[in-house]
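Next come the chains, spelled out residue by residue.
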Amino acid sequence: MSSKVVKLEIGTVYQKTQNGNYYFRYQIKGQRKAISLKTKNRQKALNKAQALIPILKASSTEVISAHVQHAKGFVSKKKSLELQNAWEVYSEHPGRATPATVKEQTAYRTDFNEFVNFVGDEKLQINELTPEIADKFACSLRKLGISVHTHNRKIKHLARIFKVLKDYRDDDNPFSALSLRRKVREEQTHSVRRLSFTREQEAQLLATLEDDSKKVKNKPEIRVIYHLGLFSGQRLKDCALLRWDKVDMKRKRIWIKQFKTGKEVSIPMASQLFEVLKEAKEWKNDDYVCPNVAKQYKRFDKNGRNVGGKLINHDVLRVIKWLGLETSVAVPGRKRKMTVYGFHSLRHSFASHCAEAGVPKAVVISILGTNSEIVDKHYTHIGDEAQEKAINSLFGDGNTISDCERIEKALAIIDTWKEKPKQAVEIEKALRT
């Protein structure tokens, strides 16, 4: 028994287990009794116990018994709700989650049904669900071979649902404990990570898209989308659904309100992207830059769930596979393969190239529209050559020289020439600038 015991005028308040509910123990005619106060909050427990003391001072045993039963009702006045009816109540509650997509809304329903199936008793009262049941469910998820992100998403969804259903429970939210969630570091042993493209691979992608022998649906538009991803670092959906009213060819600038974040970013066009968009302007026949891709992307199933995005992603991945790259690999302990190369790799590459070029982090964030780990992780990934250059400049073995030293050495050689060719004069001018 816990040592947290509080003596009152009549009886004592205590916890049987650490972080458990408080109980109120008292005596009636020499008989010891104890009832649960059904709260883990110390002050609330004391208030409830104090409310019972006047009842326990009554002179008649019958009155005492009647009042104690009333007091128990006072402690638990929650409305009853069976598990099988909980989703309907939740889905109509004003405090329910309001996901931006049908996909996420469906995920809430799917995760809740998964929990109901695990419990195995649809008639179980919401008030009878304990943290122990929630913990057993979390343990079962750990055995499914799903990612840490997917595991935690399911727990968060259930925590939100039961938060809304609090009017039907006496105890706290059974899914509120942080111990139910997994730690990101659990996947640190996985050597598989999303990879960014090298400059050479990016050049190969663009060259492949010019190869007439390679076939993919809506190839001219897929080519435009790849240029948008490569030279702006935007997500696939933002590139596929870009509208012409967000493209200013005169100012050579693009405005994108990102679907995922809702942020609007303004991006200057690289010369390569400008030329590709100028070509696309010639076959413009719609409000969308890539009308056929946009039409396909906006396909939905009978439940209102988007299915077009997967179709476009399939076409995009086909282009990457033309380079002989494996887009996903199997990972021990996980059912689904992990993606290593995809359209999102262009976003990683963009951040990496910006870091290598010395672009300030704040500028990169203003273009990508995010301050997430994609910048923190890949912005510091500056390439092997740059790393070797940094190490050599700090701890060189004496055989390496700086760029300034190379320039001085080249100028010294040019100065020894009595007659300087025209090219040498131009080189000298460039070196001294």
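Please refer to the structure placed before this passage.
Residues numbered from 1 in each chain as written. Predicted model: local features only at pLDDT ≥ 70, side-chain atom pairs only at ≥ 80, totals over all residues. Heavy atoms only, no water.

**Q** What exactly am I supposed to notice about the overall build of the protein chain here?
**A** Each helix and strand counted, the protein chain has 18 helices and nine strands in total. Across the 433 residues in the protein chain, those meeting the buried criterion constitute 39%. Across the protein chain, the fraction of contacts at a sequence separation of at least 24, relative to all contacts at a separation of at least 6, is 56%. Accessible surface computed for the protein chain: about 26100 Å², of which carbon and sulfur atoms make up 50%. (Helix = DSSP H or I, 4+ residues; strand = E, 2+ residues; numbered from the N terminus. Buried < 20%, exposed > 50% of the residue type's maximum accessible area, 1.4 Å probe, protein only. Contact = heavy atoms within 4.5 Å. Areas by Shrake-Rupley, 256 points an atom, 1.4 Å probe, with all protein chains shown as cover.)

**Q** Sorry if this is basic, but what is going on with the state of the cysteines here?
**A** Note on terminology: disulfide describes a covalent bond linking the sulfur atoms of two cysteines. If you walk through the whole model with that rule in mind, you get zero disulfides. Cys239 provides the cysteine sulfur closest to Cys290, a residue in no disulfide bond, and the two sulfurs are 8.7 Å apart. (Disulfide = S-S within 2.5 Å.)

**Q** So what exactly am I meant to see when it comes to helix α13 (residues 344-356) here?
**A** Given 3.6 residues per turn, any residue in an α-helix points the same way as the ones three and four places further on. The end-to-end C-alpha separation of α13 is 19 Å, in line with the 18 Å expected for 13 residues at 1.5 Å each. Taken across its 13 residues, α13 has 11 buried, putting it largely inside the fold. All of the buried residues in α13 are Ser345, Leu346, Arg347, His348, Ser349, Phe350, Ala351, Ser352, His353, Cys354 and Ala355. Note on α13: the residue one or two positions beyond its end, Gly358, has a positive phi of about 80°. (Expected span 1.5 Å × (residues − 1).)

**Q** Mind showing me how you'd approach the pairing of strand β7 (residues 264-268) here?
**A** Consecutive side chains of a regular strand alternate in pointing toward one face of the sheet and then the other. Taking every second residue as pointing to the same face, the buried face of β7 carries Val265 and Ile267, while none of Glu264, Ser266 and Pro268 on the other face is buried. Pairing of strand β6 (residues 253-257) with β7, which is carried by five bridges, proceeds in the antiparallel orientation. Following the sheet pairing, Lys257 is matched in β7 by Glu264. Where β6 folds back onto β7 in an antiparallel hairpin, the turn is made up of six residues, including Gly262, whose phi is positive at roughly 80°. (Pairing = 2+ DSSP bridges.)

**Q** Just to check I follow, could you spell out a positive patch on the surface for this structure?
**A** Together, Lys103, Arg305, Lys310 and Arg336 give the surface a local cluster of positive charge. Turning to its location among the elements, Arg336 is positioned in the loop between β8 (328-329) and β9 (338-339). (Patch = residues over 30% accessible without salt bridge, like charges linked within 9 Å, V, L, I, M, F, W, Y side chains within 5 Å. Salt bridge = Lys/Arg side-chain N within 4 Å of Asp/Glu carboxyl O. Lys, Arg positive; Asp, Glu negative; His and termini not counted. Charge placed at Lys NZ, Arg CZ, Asp CG, Glu CD.)

**Q** I tried to follow the sheet that holds β6 on my own but got confused; where do I start?
**A** Pairing between sheet strands relies on hydrogen bonds along the backbone, with the strands arranged either parallel or antiparallel. Read from one edge of the open sheet, three strands run β5-β6-β7, paired in antiparallel fashion. The open sheet has two edge strands, β5 (247-248) and β7, and neither has a second partner. Bridge count between β5 and β6: two bridges; the pairing is antiparallel. From the neighbouring strand, Val247 faces β6, where its bridge partner is Ile254.

**Q** It is not clear to me how the sheet that holds strand β4 (residues 31-36) should be interpreted in this structure. Could you clarify?
**A** With antiparallel pairing, four strands are arranged side by side in an open sheet as β1-β2-β3-β4. At either margin of the open sheet sits one strand with a lone partner, and together these are β1 (5-7) and β4. Averaged over all adjacent pairs, the angle separating strand axes in this sheet is 20°, with direction ignored. Alignment of strand β2 (residues 12-15) against strand β3 (residues 22-28), held across four bridges, turns out to be antiparallel. Across the sheet, Thr12 pairs through a bridge with Arg25, a residue of β3. (Axes fitted to C-alpha atoms, helices over the stretch in contact; angles between N-to-C directions.)

**Q** What is the right way to read the packing of aromatic side chains from this model?
**A** Remark: the centre distance and the inter-plane angle together describe each pair of aromatic rings, the angle taken between the planes. All told, the structure shown has 13 aromatic pairs when counted by the stated rule. Ring centres of Tyr14 and Tyr23 lie 6.0 Å apart, and the angle between their planes is 25°; on these two criteria the pair is classed as stacked. What makes Tyr14 buried here is its relative accessible area of 4%. On the basis of an interplanar angle of 85° and a centroid distance of 6.0 Å, the ring pair of Phe115 and Phe162 is categorised as edge-to-face. Linking Phe115 in helix α4 (residues 102-119) with Phe162 in helix α6 (residues 148-164), this pair joins segments that are 47 residues apart in sequence. (Phe/Tyr/Trp six-rings, centres within 6.5 Å; stacked < 30°, edge-to-face > 60°.)

**Q** How do you make sense of unusual backbone geometry when you look at a structure like this?
**A** With glycine set apart, most residues show a phi of negative sign, and most peptide bonds adopt trans. Backbone geometry places Lys38, a non-glycine residue, at a positive phi of 50°. For Lys38, the location among the structural elements is in the loop between β4 and α1 (42-56).

**Q** Explain the side chain of Lys219 to me, please; I cannot follow it from the model alone.
**A** In this structure, Lys219 sits in helix α8 (residues 219-232). The side chain of Lys219 is buried and forms no salt bridge, while Asp212, the nearest opposite charge, is found at 5.3 Å. Apart from the residues within four sequence positions on either side, Lys219 is in contact with Thr208, Leu209, Asp211, Asp212, Lys214 and Trp322.

**Q** Would you mind showing me how to read the side chain of Arg182 here?
**A** Relative to the assigned elements, Arg182 resides in the loop between α6 and α7 (199-209). With a relative accessible area of 13%, Arg182 lands in the buried category.

**Q** Explain the packing of α8 against helix α10 (residues 271-282) here, please?
**A** Axes are the key here: two packed helices are described by the angle between their axes and the distance separating the axes. The N-to-C vectors of α8 and α10 enclose an angle of 155°; their axes lie 10 Å apart at closest approach. In terms of orientation, α8 and α10 fall into the roughly antiparallel class. Taken as a pair, α8 and α10 cross one another with a handedness that is left-handed. For the pair formed by α8 and α10, the contact residues are Arg223, Val224, His227, Leu228 and Phe231 on the first element and Gln272, Leu273, Val276, Leu277, Glu279 and Ala280 on the second. (Parallel < 35°, antiparallel > 145°, perpendicular 65-115°, else oblique. Left-handed = near helix turned anticlockwise from the far one by under 90°.)

**Q** Can you help me understand the pattern of salt bridges in this one?
**A** Two side chains bearing opposite charge may form a pair once their charged atoms approach each other closely. For the coordinates displayed, the defined rule picks out nine salt bridges. Of the charged contacts in the structure, one is a salt bridge between Glu210 and Arg223, with a shortest N-O distance of 2.5 Å. Taken as a pair, Glu210 in the loop between α7 and α8 and Arg223 in helix α8 lie far apart in primary sequence, 13 residues in all. Of the charged contacts, one joins Glu275 and Lys278 as a salt bridge, the two residues approaching to 3.4 Å between their closest N and O atoms.

**Q** Before we go on, may I ask you to explain the nonpolar core in this structure?
**A** Soluble, globular proteins show a tendency: their nonpolar side chains are buried together. Tyr226 and Leu277 are the most contacted members of the largest nonpolar core, which totals 54 residues. At seven residues, the largest contribution of residues to this core is made by α8. Aside from chain neighbours lying at most four places away, what touches Leu277 is Val224, Trp244, Val247, Met249, Ile254, Met269 and Val289. (Core = buried A, V, L, I, M, F, W, Y, C linked by side-chain atoms within 4.5 Å.)

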